[in-house]
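Residue strings, one per chain:
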Amino acid sequence: MQAPAFDDRHPTLEVAVVLRRERVQGPAARWQEWRWTLDSVLPDAAGTEGQPRLLTDPEGVQHWLHPGFKVELHADEAEGYYLNATTEAPCWFVLWRLEPERGEPPARPLLISLSYNEAGRWLDAQETVEQVPAPAEVVAWMGRFVEAHYVVEPRRRRRPQSFQPLTDRFGQAASVTTEKKRGAGDEPG
């Protein structure tokens, strides 16, 4: 993948997603005959849109190309790009769903991102999110964006709870005692 030009105003990449359909082996095949997984994210020609198409179909494994996706970098996601760019294995995150009512193929990618935080929100929403390694050129492009937009928030040291003054819910000083409270008529003894 060739390094894309860096446009500070609206950095985008045109990409296509390849999903793989493979036959399930073993006892699990009783319940599910096929399994879909993310295979790769590839560069796409600008303006290419269209229907998914079958690339290969060798012996029970199909590769479906889904063209026409744009990956756009946003300044408010800079921390997520930073977390991805500084990991040992930077990657693409792809959210996809099985939609059998839409015809062949039923697996459809919906969103693609390079932000850890965005992928985390998708996972929190119980979506299917998979990842594949991002090429060095894309990581460098993302890194230039991070350098231009990410500001590290200084960590503020929190005072340990044991050293904080005790207050009640109204902000008044509270006291703690280990003595047993005595009710009316109780005599020490």
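Anything mentioned here points back to the structure above.
Description of the structure in this document.

### Quick look at the sheet that holds strand S4 (residues 61-72)
Strand pairing in a sheet takes place through backbone hydrogen bonds and is either antiparallel or parallel in direction. Taken in spatial order, the four strands line up as S2-S1-S4-S3 in an open sheet, and their pairing is antiparallel. Whereas interior strands pair on both sides, the edge strands pair on one side only; in this sheet they are strand S2 (34-43) and strand S3 (53-56). The average angle at which neighbouring strand axes cross in this sheet is 35°, direction not considered. Sheet topology note: the S3/S4 ladder contains three bridges and is antiparallel. Note that in S4 the partner of Thr56 across the bridge is His63.

### Digging into the environment of Val41
Relative to the helices and strands, Val41 resides in strand S2. Residues Val41 and Trp92, spaced 51 residues apart in sequence, show a C-alpha to C-alpha distance of 7.3 Å. Those residues in contact with Val41 that sit more than four places away from it in its chain are Val15, Ala16, Trp92, Val94 and Val132.

### Details of helix H1 (residues 78-85)
Within the span of H1, buried status applies to Ala78, Gly80, Tyr81 and Asn84. Each buried residue of H1 sits inside an arc of 160° when the element is viewed along its axis, so together they form one side. The inward-facing, buried residues of H1 abut S4, strand S5 (91-98), helix H2 (116-124) and helix H3 (136-149).

What counts and how
Residues numbered from 1 in each chain as written. Predicted model: local features only at pLDDT ≥ 70, side-chain atom pairs only at ≥ 80, totals over all residues. Heavy atoms only, no water. Pairing = 2+ DSSP bridges. Helix = DSSP H or I, 4+ residues; strand = E, 2+ residues; numbered from the N terminus. Axes fitted to C-alpha atoms, helices over the stretch in contact; angles between N-to-C directions. Contact = heavy atoms within 4.5 Å. Buried < 20%, exposed > 50% of the residue type's maximum accessible area, 1.4 Å probe, protein only. Arc of directions from axis to C-beta.

Distances and angles like these do not, on their own, reveal function.
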